[in-house]
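Examination of the molecular architecture
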Amino acid sequence: MQIDMGKISINIATGSLQKEDMIVGIDLGTTNSLVAIVHPESRQPVVLKEHDGVALVPSVIHFDDNGSILVGDPAKKFLVTEPGNTIFSVKRLMGKSYNDIREHVDSLSYKIIDDDTESLVKVRVGERFYSPIELSSYILKELKSRAEHILKTPVSRVVITVPAYFNDAQRQATRDAGKLAGLDVLRIINEPTAASLAYGLGMKKNG
């Protein structure tokens, strides 16, 4: 398997990227998510892609009647056929109470619990209730699995980007989701900051 690294093409099977200190970056998006690394040789950011060239993972979770959980493209297929069991835009629910999202509930196809409008939001799927932290952890687990499959090495350390407007509760919820997914969240970075860092890497300028 090869990953196109821009000017460098690395054969993952050789183990050249199998470093114990590998840290991945995750963009946990509202619509799509992805995982990236800083290439250990070129020191440039590289988005990890599967062999088919696909980098984006739809931020969608589907629960079937047997209790199985699908994430990404397999889950996206059920947005129309089983909307009540298919969760999207969970990022908008992070760290929020029912009162916070009351005006937007009608735009969601799944059930938001409203019995305690001051507490953090819960999503009902069948007879089970899920917090946005749990739901986000399923997306993060999928990204972790994807990174491990591509890099051929365990991945546990991560930096996650969040919108600049995220408050402390939303940032902590993102950290908790990472922990639940088996990840050591080293840092939460604002998305504009992450973009600036990625753009500036390798630029030989003073100041």
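Treat the numbers as computed from the prediction; the structure is a model and nothing was measured.

**Focus: the sheet that holds strand β9 (residues 86-88)**
Adjacent strands of a sheet pair through backbone hydrogen bonds, lying either parallel or antiparallel. Taken in spatial order, the three strands make up an open sheet running β8-β7-β9, and their pairing is antiparallel. Each end of this open sheet is capped by a strand with a single partner; those strands are β8 (69-71) and β9. Strand-to-strand twist of the sheet, defined as the mean angle between neighbouring strand axes without regard to direction, takes the value 20°. Inspection of the sheet shows strand β7 (residues 60-63) paired to β8 by three bridges, in the antiparallel sense. Its bridge partner lying in β8, His-62 is registered against Leu-70. Across the sheet, helix α4 (residues 132-151) lies against β7, β8 and β9, angled at about 105° from β7, the strand it touches most.

**Concerning the environment of Ser-33**
Mapping Ser-33 onto the fold places it in strand β4 (residues 32-38). Apart from residues no more than four positions distant in its own chain, Ser-33 is found in contact with Asp-27, Leu-28, Ala-55, Leu-56, Val-57, Ser-59, Ile-139 and Leu-143. Among the polar contacts made by the side chain of Ser-33, one reaches the side chain of Ser-59 at a distance of 2.8 Å.

**Side note on the packing of α4 against helix α5 (residues 168-180)**
Where α4 contacts α5, the two axes come as close as 8 Å, and the packing angle between them is 55°. With respect to each other, α4 and α5 are oriented oblique. Once α4 is placed against α5, the crossing between them reads as right-handed. Taken together, the residues of α5 that come into contact with α4 (itself represented by Ile-133, Glu-134, Ser-136, Ser-137, Leu-140 and Lys-141) are Ala-173, Asp-176, Ala-177, Gly-178 and Leu-180. Residue composition of the contact of α4 with α5, grouped by class: five nonpolar, three polar and three charged.

**As for the pattern of salt bridges**
Tallying each qualifying case throughout the model produces three salt bridges. In this structure, Lys-91 and Glu-191 form a salt bridge, with 2.8 Å as the shortest nitrogen-oxygen distance. Taken together, the residues span a long stretch of sequence, with Lys-91 in the loop between β9 and α3 (98-101) and Glu-191 in helix α6 (residues 191-200) at a distance of 100 residues. Since its relative accessible area comes to 11%, Lys-91 is described here as buried. Accessibility expressed as a relative area gives 28% for Glu-191, which makes it partly exposed. Here Lys-144 makes a salt bridge to Glu-148, at a shortest N to O gap of 2.8 Å. With Lys-144 and Glu-148 both in helix α4 and four residues apart, this pair spans about one turn of that helix.

**Notes on the nonpolar core**
Judged by nonpolar contacts, the single largest core of 45 residues is most densely connected at Val-24, Ile-26, Ile-87, Leu-93, Ile-112, Leu-135 and Leu-140. Those residues in contact with Ile-112, other than ones at most four positions away along the chain, are Leu-93, Tyr-98, Ile-101, Val-121, Lys-122 and Val-123.

**Structural notes on the confidence of the model for the protein chain**
Low-pLDDT stretches of the model should not have their predicted coordinates read in fine detail. Across the protein chain, the average pLDDT comes to 86, with 86% of residues at 70 or higher. Of the regions scoring below 50 in pLDDT, residues 1-19 engages in 43 contacts with residues more than four places distant in sequence or in other chains.

**Examining the pairing of strand β3 (residues 23-27)**
Consecutive side chains of a regular strand alternate in pointing toward one face of the sheet and then the other. Here β3 shows a clear split, with Val-24 and Ile-26 buried on one side and none of Ile-23, Gly-25 and Asp-27 buried on the other. Across five bridges, β3 lies against strand β13 (residues 157-162) in parallel orientation. Bridge pairing in β13 places Gly-25 opposite Val-159. Across four bridges, the pairing between β3 and β4 is antiparallel. In the strand pairing of β4, Gly-25 is matched with Ala-36. Between the antiparallel neighbours β3 and β4 lie four residues.

About the criteria used
Residues numbered from 1 in each chain as written. Predicted model: local features only at pLDDT ≥ 70, side-chain atom pairs only at ≥ 80, totals over all residues. Heavy atoms only, no water. Pairing = 2+ DSSP bridges. Helix = DSSP H or I, 4+ residues; strand = E, 2+ residues; numbered from the N terminus. Axes fitted to C-alpha atoms, helices over the stretch in contact; angles between N-to-C directions. Contact = heavy atoms within 4.5 Å. Polar contact = N/O pair within 3.5 Å; in protein donor to acceptor, adjacent residues only side chain to side chain. Parallel < 35°, antiparallel > 145°, perpendicular 65-115°, else oblique. Left-handed = near helix turned anticlockwise from the far one by under 90°. Nonpolar A, V, L, I, M, F, W, Y, C, P; charged D, E, K, R; others polar. Salt bridge = Lys/Arg side-chain N within 4 Å of Asp/Glu carboxyl O. Buried < 20%, exposed > 50% of the residue type's maximum accessible area, 1.4 Å probe, protein only. Core = buried A, V, L, I, M, F, W, Y, C linked by side-chain atoms within 4.5 Å. pLDDT = per-residue confidence, 0-100.

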